[in-house]
Every structure is written in C-alpha cells, then in structure tokens.
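For reference, the chains in residue letters:
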Amino acid sequence: MARKGPVKKRKAAVSGANSTGYLNLKTSVLLLFPIVAGIILARNYGIIQLPSLLSSSYDAHILRDRTIFDVARIAIRDIEVGELIIQEHPVLLLPNRLPLPELPIALKQLPQKSLRALLELSHCAAPGLVSISDIDTQSEEDRIEMTMSIMNSNAFGLGNDNMLGVFPRVARINHACVGAINLIYHYQEREDGSPGEIWVRAIKPIKAGEELALYYMDTRFPRAERQEYLMQNYGFLCECSTCSLPKALSEKSDERLVEIDNLYKTFNSWAIGNISSPEAIDVARHVIELENQEEYYHDRAKLTEEAAWIAASASDENATKEWSGLSVKWHIYVYGQDDFRTRALARSAATAQLHPQWGKGIKALVSKP
C-alpha cells in the first residue's frame, strides 16, 4: 500500500495584459518541441548523450513525462489503458522498520540532485521542521527528521511490505478513491537483487485534461472511513470525483463497497474450505459486477487470476481457459505483456491442463466470466 501525502498544485495564470508574451512563449515552445523531441529520440537510441542541462534538474525522465502529463499531473493527451506512464528507480530504499540506522548513511551517499528531489516532496511536517530552503545549512539531525516525515507521507511499501521505497516522480501524483483511480503501480524487482523500479500504468482509459490519480490507501471502504484515515495520516480531505458524489449516490456507493469487501472475505474463504469452487466463482462474478458499477478495477488482475486458479482446481477446462484469458488481459494492463505472470496465464488460457493447480481439488463445473 502506498503511503503518501498531499501535493499542492500550481497553475500558471494568463491575463489579458500578458497575452502577447504568452503567445510568444507558446510559439517558442512549439518551435523548440521538435528539437527537444529529437534530443529524446537520439538519446533513447544511443546517438547522443544529453548535455548537463538535461541530465540534472530537468533530465530526460522529466522530458518524457511532459509528453504525457503536465506539472499538475494533468494528461496532455489521451492515454490508453495499460500504457506505461512512469518507470522510476527509488532514491531511497530502506527496510520497513524502526529505528533506521541505515538512513544517515543513505542520505550522505545520495547525489545532490536526488537529495533535493527527495527533500522537495510534500509531507505532513511537524511544527518547526526545517524547510527545503535550508537543506544546505540544516543539521544532520534536522535532515533525518525531515526525511522520516517525508518517508511517512511518500514511501511505498514494496514486495511484502518489508521494504520502503521513495520515488519522487511518482510521489507527486495525487490521491483518488475507488472509481476515480486511473493508475496502478507495481514494483519490478531485479533477479540480481539490485534495486528495481516502480512501474505505473493506466488501469483505465484517460482522456486529455483528466488528472492522473493513484491511491495512498486501500480505498475499498465507505467515504467517511476513507476521509477519516486520510485526514489522520496525510492531513487532507479527498475531493476526488467519488468523494464528491451527491449524498444519495455516495450512500449507494458506500453500500456497494461494504458488500464488495464482504464478498472478498467470502471469496477468500475458499482456500480454507468454507465454500465450494462453484460458490467461489459465483462470488467472483458478483464482485466484478459491483466493481464495474463503481468503475473500480484495481484488484481485477488478482481476482481473475484467483478465479482461474479455482476453476483449474475444479478441473473445469473451459472455465479455466476463459478465466485465464480474462486475467491475461488485466495482467497486461498492470504488468505488461512480457511479465512472467502474464505468460503463465497465457499458457493456461491456451491449455487448461498446464495450469499449476489443475486437478488438485474436487472436480466440479464452475461458471465462466
């Protein structure tokens, strides 16, 4: 689960008195765009190295970001579902525990650019905490305290939540709840044990002009509970489209979310034998129906993968193929086509008997998606 804080967004104001300057600036940007695009392409194909101007405060990653969204994290073009939005290494990667004796050493080893990117992140600061403007003169104790506050608001739990990572570009994306979420992330670990990357993809189509939004918590709870948690932990009240629904619609949404949460508990009880395979699959189908009404797709890849697992356990060939095929679609959206999870599901979608759970449970016919 991501733990992150509110980000203040600044929009440039254009007045009539400055319209000429604005048009000149716009013209300059249009003239420069092919040059910048050429630089990016040349760098990506190894033709040239970016000059220091681009490799420091405004590096190639930011240039790529700006082809997708602006500084306020508003999409500047239509984004397809499954499209990779951000791919980022952590500036900090530390164990998820207290105390953190590794933190002082990690901060000293950070390049100045990475340190400033870290310390510029918004966070719920304690009174009197040294600000970003003082980082060159602040004491080591103040810097550690400030970093702990930033990590509390911005760090992502990775793997099995045994590690915490801070990703400055991803951390600046705002929070939304349930159906207002349009991005999903996963941490791509490396086989050699070196720090991996966080990959952020679109979980639904995003139109130009829409704000990109992640989730700072599990939002599958009623509005009042979400708002209380966010205020206590991040110091803000969410105003996303789900939280801003009229009272009657919000209450309906809350009812669905409570039902969805209870259905997941029932679905998960299949693993301990509380319900049969056909019953579990029927529950999964009901969850999907309710989540579609909420336009909430965050858990769809996992749910369909587990449904394929249950169908394979029951030795239902057609259901295994169809649930696996549906899960392939959602895994591509979340992890990409070449991910090992996607490839494994594709194999069982083609040949049900290749599923690792095939025939390990009580034989039964179960519903298809």
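Here the structure is shown first, and the text comes after it.
A. Focus on the packing of helix α11 (residues 300-313) against helix α12 (residues 317-335). In the contact formed by α11 and α12, the axes pass within 8 Å of each other and the chain directions differ by 160°. It follows that α11 is roughly antiparallel to α12 by the angle criterion. Between α11 and α12 lies a crossing of left-handed hand. Counted together, Arg300, Ala301, Thr304, Glu305, Ala307, Ala308, Ala311 and Ala312 of α11 and Ala319, Thr320, Trp323, Ser324, Leu326, Ser327, Trp330, His331 and Val334 of α12 form the full contact between these two elements. The residue makeup of the contact of α11 with α12, split by class, is 10 nonpolar, 5 polar and 2 charged.

B. Representation of the pairing of strand β1 (residues 84-88) in the model. In terms of burial, β1 is largely enclosed, as 4 of its 5 residues are buried. In this structure, β1 lies alongside strand β7 (residues 197-202), joined through 4 bridges in antiparallel fashion. Each residue of the ladder has a partner; that of glutamate 88, found in β7, is isoleucine 198.

C. Summary view of the environment of leucine 230. Tracing the sequence through the fold places leucine 230 in helix α8 (residues 223-234). The spatial distance from the C-alpha of leucine 230 to the C-alpha of tyrosine 216 is 8.3 Å, given a sequence separation of 14 residues. If we ignore the near neighbours within four places in the chain, the residues touching leucine 230 are His175, Cys177, Met217, Gly235, Phe236 and Cys238.

D. The arrangement of the sheet that holds strand β3 (residues 156-158) in detail. Strands sit in the order β2-β4-β3 across an open sheet of 3 strands; the sheet is antiparallel. Where the open sheet ends on each side, the last strands, each with one partner, are β2 (92-95) and β3. Going from strand to strand, the sheet's axes swing by 30° on average, the running direction of each strand aside. Here 3 bridges tie β3 to strand β4 (residues 163-166), and the two strands are oriented antiparallel to one another. If you follow phenylalanine 156 over to β4, its bridge partner there is glycine 165.

E. Region of interest: the nonpolar core. Counting residues in hydrophobic clusters, the biggest one holds 67 residues, and the most contacted among them are Ile85, Leu212 and Trp323. Apart from the residues lying within four places of it in its own chain, the contact partners of isoleucine 85 are Arg64, Asp65, Ile68, Phe69, Ile79, Leu183, Val200, Arg201, Ala202 and Leu212. Of all hydrophobic cores here, the second largest spans 20 residues; its members include Leu92, Leu100, Leu110 and Leu164.

F. Structural context of the sheet that holds β1. Pairing is antiparallel across the open sheet formed by 3 strands, whose spatial order is β1-β7-β6. Strands at the two margins of the open sheet, each flanked by one partner only, are β1 and β6 (183-188). Across this sheet, the average inter-strand angle for adjacent strands is 15°, counted without regard to direction. Pairing geometry for β6 and β7, over 6 bridges, is antiparallel. Directly across from isoleucine 184, in β7, lies its bridge partner arginine 201. Along the sheet, α12 contacts β6 and β7; its crossing angle with β7, the most-contacted strand, is approximately 125°.

About the criteria used
Residues numbered from 1 in each chain as written. Predicted model: local features only at pLDDT ≥ 70, side-chain atom pairs only at ≥ 80, totals over all residues. Heavy atoms only, no water. Axes fitted to C-alpha atoms, helices over the stretch in contact; angles between N-to-C directions. Helix = DSSP H or I, 4+ residues; strand = E, 2+ residues; numbered from the N terminus. Parallel < 35°, antiparallel > 145°, perpendicular 65-115°, else oblique. Left-handed = near helix turned anticlockwise from the far one by under 90°. Contact = heavy atoms within 4.5 Å. Nonpolar A, V, L, I, M, F, W, Y, C, P; charged D, E, K, R; others polar. Buried < 20%, exposed > 50% of the residue type's maximum accessible area, 1.4 Å probe, protein only. Pairing = 2+ DSSP bridges. Core = buried A, V, L, I, M, F, W, Y, C linked by side-chain atoms within 4.5 Å.

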